[in-house]
Number of protein chains: 2
Amino acid sequence: MNKESLIWREENQKEVFNCRVFSIHESYCRSPHDALRTFTVLNAPDWAIVVPVLETPQGKKFVMVRQWRHGSRSLSLEFPGGVFEPGEDPQAAAARELREETGYRPESIRKIGEFSPNPAIMANKVHFFLAENLIDTGRQDLDMDEFVDVELVDTETVFKNMGRPPYIHALMASALTLYLQQ
Amino acid sequence: MNKESLIWREENQKEVFNCRVFSIHESYCRSPHDALRTFTVLNAPDWAIVVPVLETPQGKKFVMVRQWRHGSRSLSLEFPGGVFEPGEDPQAAAARELREETGYRPESIRKIGEFSPNPAIMANKVHFFLAENLIDTGRQDLDMDEFVDVELVDTETVFKNMGRPPYIHALMASALTLYLQQ
């Protein structure tokens, strides 16, 4: 199969919007048939999603966070995660986000995959980690404007309910696929 | 658990960017602690992702599409899908996108879940469908600027390779979780 027949080449780009969370540029690209077209691309920092697995007398639980999401205007029950700080090691960032949002510190954490969150319009990547052997430090470390409830949920319950509220976040189902690969 | 303690209330919003594919607004919200904060939200049409399962003498295959993605600037191997046209029935839209991109017409198609693609910043939803009993019409129906290769891939191969190129699209792994729930 001639993959070359599918490839576009960017000739130029221009920033057209910028805010605290992301920027947008127009991308001027040459098609496989040599036509020039304009696409709009969103640039944001890479971030991590952490699947934290807690062994309990009642079986394996995921440590999850319930929080308000301003895009969907709803509560969402999710794996913890967050944006990398400049120059921060991805695995260190993942462990830091887990600790800040849930109070759990992982004794082992490792990368299990990465995705483009939406390669049609987004230029960044989301990195996925599995965190095990969790130590409960007993306290979150939230920003002033963060309101996050921590919940322990049976792994099977999470799997069964993905795609229905409060499991509304598509990227948490992506995380689950990588977890099930292990 | 007092969920009220997590809920923000939008007081106003203003559009700050608009292009062919999406628009952006600032959302002015009151926090659970009564502070006023500004968030940036991306609005785009809802769309469908279709998991097409083909029974073959060599076992179950997914009908997938390989195409260039302008956000990730890379090729991506994906389930077919696309944006709803105004007023279009979601299931009809899913069947139409499958037929246009792959040439396969489903004799049965049903919804298996929906997600917010990224509830932190996106207001739209992505709807997932399972398409079975596929009839090969033998021809795609692509727009002039669409370049899409169709590939049949073992379901197990897709599952094992999600999170590594060319399986780079996070929402295809979300689709897989919903497929595995069935």
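For clarity, every value in this text was computed on a predicted model and none was experimentally measured. (Residues numbered from 1 in each chain as written. Chains lettered and ligands numbered in written order. Predicted model: local features only at pLDDT ≥ 70, side-chain atom pairs only at ≥ 80, totals over all residues. Heavy atoms only, no water.)

## Describing the overall build of chain A
And step 1. Summing up its helical and strand segments, chain A has three helices and ten strands in all.
And step 2. Helices and strands in chain A line up, N terminus first, as β-β-β-β-β-β-β-α-β-β-β-α-α.
And step 3. Summarising its shape, the C-alpha atoms of chain A cover approximately 60 × 40 × 30 Å along the three principal directions.
And step 4. Expressed as a percentage of its 182 residues, the buried residues of chain A come to 55%. (Helix = DSSP H or I, 4+ residues; strand = E, 2+ residues; numbered from the N terminus. Buried < 20%, exposed > 50% of the residue type's maximum accessible area, 1.4 Å probe, protein only.)

## Observations regarding the state of the cysteines
And step 1. Counted by the stated rule, this structure contains zero disulfides over all chains.
And step 2. The closest cysteine sulfur to the non-disulfide-bonded Cys19(A) is located on Cys19(B), 14 Å from its own sulfur.
And step 3. Since its relative accessible area comes to 18%, Cys19(A) is described here as buried. (Disulfide = S-S within 2.5 Å.)

## A look at the nonpolar core
And step 1. By size, the foremost hydrophobic cluster in this structure holds 52 residues, and its most contacted members are Phe79(A) and Phe79(B).
And step 2. Excluding its chain neighbours within four sequence positions, the residues that come into contact with Phe79(A) are Ile49(A), Val50(A), Val51(A), Pro52(A), Phe62(A), Met64(A), Val65(A), Val158(A), Met172(A), Ala175(A) and Leu176(A). (Core = buried A, V, L, I, M, F, W, Y, C linked by side-chain atoms within 4.5 Å. Contact = heavy atoms within 4.5 Å.)

## A word on unusual backbone geometry
And step 1. The step from Pro165(A) to Pro166(A) runs through a cis peptide bond, and the omega angle for that step is 0 degrees.
And step 2. By secondary structure assignment, the location of Pro166(A) is in the loop between helix H2 (155-161) and helix H3 (170-181).
And step 3. A positive phi angle is found at Asp34(B), which is not glycine, with a value near 75 degrees.
And step 4. Position of Asp34(B) among the secondary structure elements: in the loop between strand S2 (23-30) and strand S3 (36-43).
And step 5. Judged by its relative accessible area of 53%, Asp34(B) falls in the exposed class.

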